[in-house]
Amino acid sequence: MMYFVIGFGILFCTFYVAQLVFVKIHLDWTNKIINSDNSDADTGVSVIHPIKDLDYELEKNLESWLNQDYQGPIQHIFSFQDPNDPAIKVVENLKQKYSDIDISIIVNPIASGLNGKTSNMVNGIKNAKYNYLLFGDSDTRVKRDFILKMIRPLKDSKVGVTTCGQINIGGHDFPTKFFTFIQNNETDFIWAFLCKLGMDVGITGAAFAMRKEVIEEIGGLERFGTSLLEDLYLGNTLYEMGYKIVLGPFIECHVDKLGIEKSLNYAKRIAIGIRTHIQFELPAFVLMLFWYWG
């Protein structure tokens with residue numbers, strides 16, 4: 001028993017140190033700005049922003065996506081469900097401010113059978129001019145070389161998707177801080193680390209990029225839009241088809257106060273994941289979280 005305990009402790013300590021080293025190296029790479037050059041000039045990108053309601057510091061978030069160092073043509077599509085969404089006014093103001101950027105605003109009702117976000121993304125794809133598609137949530141903030149780092153790996157036909165971990169920052173009350181603590185542990189120290197190792201752990205939906213033909217090959221995003229775990233299933237499908245999943249830079253999500261809807265959706269995602277993969281997911285998830293608390 002003593003040898004078992006010692007061996008188990010060494011295993012977890014090694015795993016823990018490896019995670020810390022990974023996050024430090026990946027953060028350094030995220031923060032090291034790479035300049036765009038002529039190799040990007042002929043690679044057009046359609047950036048699709050599925051939006052619903054006003055996220056915290058929405059204007060700052062969206063401006064980070066507009067202020068990109070990328071020499072290829074960029075199209076920004078802001079996709080909404082409700083013509084009265086208050087975020088539309090924010091985007092309209094940005095469109096006037098950045099009149100030299102290709103920005104369009106589309107509004108479509110939620111397609112039957114799909115969740116709201118997937119419906120927004122599907123309608124965005126229909127309006128995309130370019131083969132390279134980048135999807136980004138409106139609560140995320142990125143570095144000025146983000147498009148470059150997400151798109152360049154996709155020039156390799158063996159790469160099916162680039163995805164990235166989300167670092168939650170901020171919060172003043174305990175529920176918000178607790179949520180950001182849990183999600184950062186799960187996403188950045190566990191998921192991103194395992195993704196970098198090439199394991200089949202799906203992707204994150206906060207921001208990811210794909211080529212149009214790959215989306216068509218897997219049957220469209222509609223295939224995954226009936227579940228709260230659409231990003232997990234999408235990544236699993238690409239992995240099973242033999243495509244590489246490349247981990248892109250970390251992105252930031254600045255949080256003020258955790259919304260009830262967001263916390264409920266996160267709880268539902270965990271519950272669905274546990275119910276679907278209970279033999280492995282539940283013990284591993286609980287063990288890893290208690291390890292960090294310990």
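From a predicted model like this one, the values you see are computed outputs, not experimental measurements.

Quick word on helix H8 (residues 230-240)
1) Next: Most of H8 sits inside the fold, with 8 of its 11 residues counted as buried.
2) Next: Restricting attention to buried positions, one finds in H8 the residues Glu230, Asp231, Leu232, Leu234, Gly235, Asn236, Thr237 and Leu238.
3) Next: Once H8 finishes, Gly242 follows within two positions and takes phi at roughly 90°, a positive value.

Examining the pattern of salt bridges
1) Next: Overall, the coordinates contain 14 salt bridges when judged by the stated rule.
2) Next: With its nearest N and O atoms 3.1 Å apart, the salt bridge here joins Lys52 to Asp53.
3) Next: Relative accessible area serves as the criterion here: at 43%, Lys52 is assigned to the partly exposed category.
4) Next: Note on Asp53: relative accessible area 34%, which makes it partly exposed.
5) Next: Ionic pairing is found between Lys257 and Asp173, a salt bridge with its closest N-O pair at 3.8 Å. Here Lys257 is found in the loop between strand E9 (251-255) and helix H9 (260-276), whereas its partner Asp173 is found in the loop between strand E6 (166-170) and helix H6 (174-196), with 84 residues between them in sequence.

Quick notes on the nonpolar core
1) Next: By size, the foremost hydrophobic cluster in this structure holds 33 residues, and its most contacted members are Phe135, Phe208, Met210, Leu221, Leu234 and Leu238.
2) Next: With 6 residues, H6 is the single largest residue contributor to this core.
3) Next: Not counting residues up to four positions away in its chain, the partners in contact with Leu234 are Ile203, Phe208, Met210, Ile218, Leu221 and Phe224.
4) Next: With 20 residues, the next largest nonpolar core counts Ile74, Leu154, Val159 and Ala209 among its residues.

Here's the deal with the sheet that holds strand E3 (residues 102-107)
Within a sheet, neighbouring strands are paired by backbone hydrogen bonds and run either parallel or antiparallel to one another.
1) Next: With mixed pairing, the 7 strands of this open sheet are ordered in space as E3-E2-E1-E4-E7-E5-E8. The open sheet has two edge strands with one neighbour each: E3 and strand E8 (244-247). When strand polarity is set aside, the average angle formed by the axes of neighbouring strands in this sheet is 20°.
2) Next: Pairing of strand E2 (residues 74-80) with E3, which is carried by 6 bridges, proceeds in the parallel orientation.

Some thoughts on unusual backbone geometry
1) Next: In this structure, Asp53 is a non-glycine residue whose phi angle is positive, near 70°.
2) Next: Unusually for a residue other than glycine, Glu57 sits at a positive phi of about 50°.
3) Next: Examined against the element boundaries, Glu57 turns out to sit in the loop between strand E1 (45-50) and helix H2 (58-66).

Details of helix H1 (residues 2-31)
1) Next: For H1, built from 30 residues, the straight-helix expectation of 44 Å at 1.5 Å per residue is met to within 8% by its first-to-last C-alpha distance of 43 Å.
2) Next: Taken together, the buried positions of H1 are occupied by Phe12, Gln19, Phe22, Val23, His26 and Thr30.

A look at the environment of Pro86
1) Next: If you trace the backbone, Pro86 turns up in the loop between E2 and helix H3 (87-97).
2) Next: Sequence separation between Pro86 and Lys52 is 34 residues; the distance between their C-alpha atoms is 8.7 Å.
3) Next: Leave out the neighbours within four places in its chain, and Pro86 touches Asp53 and Leu54.

Overview of the packing of H1 against H6
Any two packed helices are characterised by the angle at which their axes cross and by the distance between the axes.
1) Next: Two numbers describe how H1 lies on H6: the axes approach to 10 Å, and their chain directions differ by 80°. Compared by their axis directions, H1 and H6 come out roughly perpendicular. For the pair formed by H1 and H6, the contact residues are Phe15, Ala18, Gln19, Leu20, Phe22 and Val23 on the first element and Asp188, Phe189, Ile190, Ala192, Phe193 and Lys196 on the second.
2) Next: The residue makeup of the contact of H1 with H6, split by class, is 9 nonpolar, 1 polar and 2 charged.

Some details on the packing of aromatic side chains
1) Next: According to the stated counting rule, one finds 6 aromatic pairs in the structure shown.
2) Next: The interplanar angle of 75° and the centroid separation of 6.5 Å between the aromatic rings of Phe22 and Phe250 together place this pair among those described as edge-to-face. Of this pair, Phe22 sits in helix H1 while Phe250 sits in the loop between E8 and E9, and the two are 228 residues apart along the sequence.
3) Next: Judged by relative accessible area, which is 5%, Phe250 ranks as buried.
4) Next: Centroid distance Phe135 to Phe208: 4.8 Å. Interplanar angle 25°. Geometry classified as stacked. Remark: Phe208 occurs in strand E7 (residues 207-211) and Phe135 occurs in strand E4 (residues 132-136); sequence separation between them is 73 residues.
5) Next: Owing to a relative accessible area of 1%, Phe135 belongs among the buried residues under this scheme.
6) Next: Phe208 sits in the buried class, given a relative accessible area of 3%.
7) Next: The ring of Trp29 has Lys149 sitting right over it, with the charged end atom 4.7 Å from the ring centre.

About the cut-offs
- What you see as residue numbers is a count from 1 along each chain, following the sequence as written.
- Predicted model: local features are reported for residues with pLDDT of at least 70 only, side-chain atom pairs are reported and counted for 80 or more only, and whole-chain, interface and lining totals are derived from all residues.
- Remark: hydrogens and water are excluded; side-chain values derive from all non-hydrogen atoms of the structure.
- Burial here depends on accessible area, computed with a 1.4 Å probe over protein chains only, as a share of the maximum for the residue type. Under 20% is buried, over 50% is exposed, and the range in between is partly exposed.
- Only DSSP runs of H or I with at least four residues qualify as helices, and only runs of E with at least two residues qualify as strands; both kinds are numbered from the N terminus onward.
- The term salt bridge refers to a pairing of a side-chain nitrogen on Lys or Arg with a carboxyl oxygen on Asp or Glu at a separation within 4 Å.
- Residues grouped as a nonpolar core are buried Ala, Val, Leu, Ile, Met, Phe, Trp, Tyr and Cys residues, joined through side-chain atoms within 4.5 Å.
- When checking whether two residues touch, look at their non-hydrogen atoms; a contact exists if any pair is within 4.5 Å.
- Two strands qualify as a pair provided DSSP detects at least 2 bridges between them.
- Helix axes are fitted only over the stretch in contact, all axes being lines through C-alpha atoms; the angle between N-to-C directions runs from 0 to 180 degrees.
- Helix span is expected to be 1.5 Å times the residue number reduced by one.
- Each angle gets one of four labels, with under 35 degrees taken as roughly parallel, over 145 as roughly antiparallel, 65 to 115 as roughly perpendicular, and the rest as oblique.
- When residue character is reported, Ala, Val, Leu, Ile, Met, Phe, Trp, Tyr, Cys and Pro are called nonpolar, Asp, Glu, Lys and Arg charged, and the others, Gly included, polar.
- Note on aromatic pairs: the rings of Phe, Tyr and Trp (six-membered ring only in Trp) are paired at centre separations within 6.5 Å, and the planes decide the class, stacked below 30 degrees, edge-to-face beyond 60, tilted for the rest.
- By definition here, charges over rings are those cases where NZ of Lys or CZ of Arg is within 6 Å of the ring centre and within 35 degrees of the ring normal.

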